[in-house]
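Now for the letters of each chain:
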Amino acid sequence: MASEVVAVPRGERPLEGGDGVVVRFAHDLRILRENAGRPTYRELGARAHYSAAALSEAAGGRKLPTLSVTVAYVAACGGDTAEWTTRWRAIAAELAAANAEPSDTNDQAKAPYLGLAAFEPEDADRFFGRDQLVADLVNRVNQHRFLGVFGSSGCGKSSVLRAGLAAYLTAEREQDDAPVVVFTPGERPFEECAVHLARFLGEAPGTLREEFFEDPRNLHLRIRQAVAGDAADTDVVLIVDQFEELFTLCGDESQRARFIDALVTAAADPASRARVVLGVRADFLEHCGRHHRLVSALYDAQVLVGPMNVDELRQAIVGPAVTQDLLVETYRR
């Protein structure tokens, strides 16, 4: 009689080494999964819309996972996403501070590298290797009022959009005071949008949030208001990074559809004074394809971000060091 073979899930690798706070973070993620009934990572991936490998790596303890992966992991386990978001930000800030701390207390130079953190607009002076891509994005933004920037997880989209595109456009528009607004949609996209636009409009975020949700056209009208006294060719640029959060974190289908309508209307209206750029994980192209207005807006207006080539990698390594008068040794086998 043939024996029956039963597949047994392989246990997780024991946590060891790495940064202390990162290991503790991973340990607590594992406890959260245990308390949720220990679903397999394949099951978590189906709930979170992330690959099983990405979620498993989040609890691996080798590096701090991205915020979006963390929140997706926690949500899939039924945890408190707000609490974990606060904790993630505190750890990220601690790691960034440790990375930037000079070895000599009298030396106030910035550390040339950011480590695992994404580049922000203020890091533009040490962002290298993506000049051609950034130039292409600037050209596309000037040609299209709506643009989708797609790429695999970890390819550097956020850094390109923030330290590349946003920083370039901000410097270019310094004389016009035309705002370049960067945000991620999170669980409440209208709230995030309102918070980041409020300081330009001089209005309370709560008022803007209600307006935007009530009628998608109100975002378009408020953006027109923001540049009403500027030259006719001065536009507000909205960069919505990690747009996939609209599908992974925002559980309100009505709000999701309204937010997409608001963005498309702001860019597509004949009187538009907005240019909208979406940063999207490539595996969420199918989700974008379920919204007809988004499909129309992205038609012939997409950029696919790939890995760096050898020359770009060399620039990314050498460039930041040169800004701090450092030399990078050449490695020979």
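See above for the structure.
Residues numbered from 1 in each chain as written. Predicted model: local features only at pLDDT ≥ 70, side-chain atom pairs only at ≥ 80, totals over all residues. Heavy atoms only, no water.

Draft legend 1. Molecular detail of the sheet that holds strand β2 (residues 180-183). The strand order across the open sheet formed by 5 strands is β2-β3-β4-β1-β5, and the pairing between neighbours is parallel. For this open sheet the edge positions go to β2 and β5 (302-305), each flanked by a neighbour on one side alone. Within this sheet the neighbouring strands show an average axis-to-axis angle of 15°, counted without direction. One ladder, built from 4 bridges, connects β2 with strand β3 (residues 236-240); its direction is parallel. Bridge assignment links V181 to a residue of β3, and that residue is L238. Set on the sheet, helix α8 (residues 189-201) makes contact with β2 and β3; between it and β2 the angle comes to about 150°. Relative to the sheet, helix α12 (residues 253-268) contacts β1 (146-151), β2, β3 and β4 (274-281), its axis offset from that of β4 by approximately 135°. (Pairing = 2+ DSSP bridges. Helix = DSSP H or I, 4+ residues; strand = E, 2+ residues; numbered from the N terminus. Axes fitted to C-alpha atoms, helices over the stretch in contact; angles between N-to-C directions. Contact = heavy atoms within 4.5 Å.)

Draft legend 2. Focus on the pattern of salt bridges. Considering all chains together, one arrives at 21 salt bridges under this definition. When the shortest N-O distance is used, the salt bridge between D28 and R87 registers 2.6 Å. Highlighted residues: D28 in helix α1 (residues 20-35) and R87 in helix α5 (residues 81-100), separated in sequence by 59 residues. Residue classification places D28 among the partly exposed residues on the basis of a relative accessible area of 24%. Measuring nitrogen to oxygen at the nearest pair gives 2.6 Å for the salt bridge that ties E253 to R256. (Salt bridge = Lys/Arg side-chain N within 4 Å of Asp/Glu carboxyl O. Buried < 20%, exposed > 50% of the residue type's maximum accessible area, 1.4 Å probe, protein only.)

Limitation: the analysis is restricted to geometry and does not speak to function.
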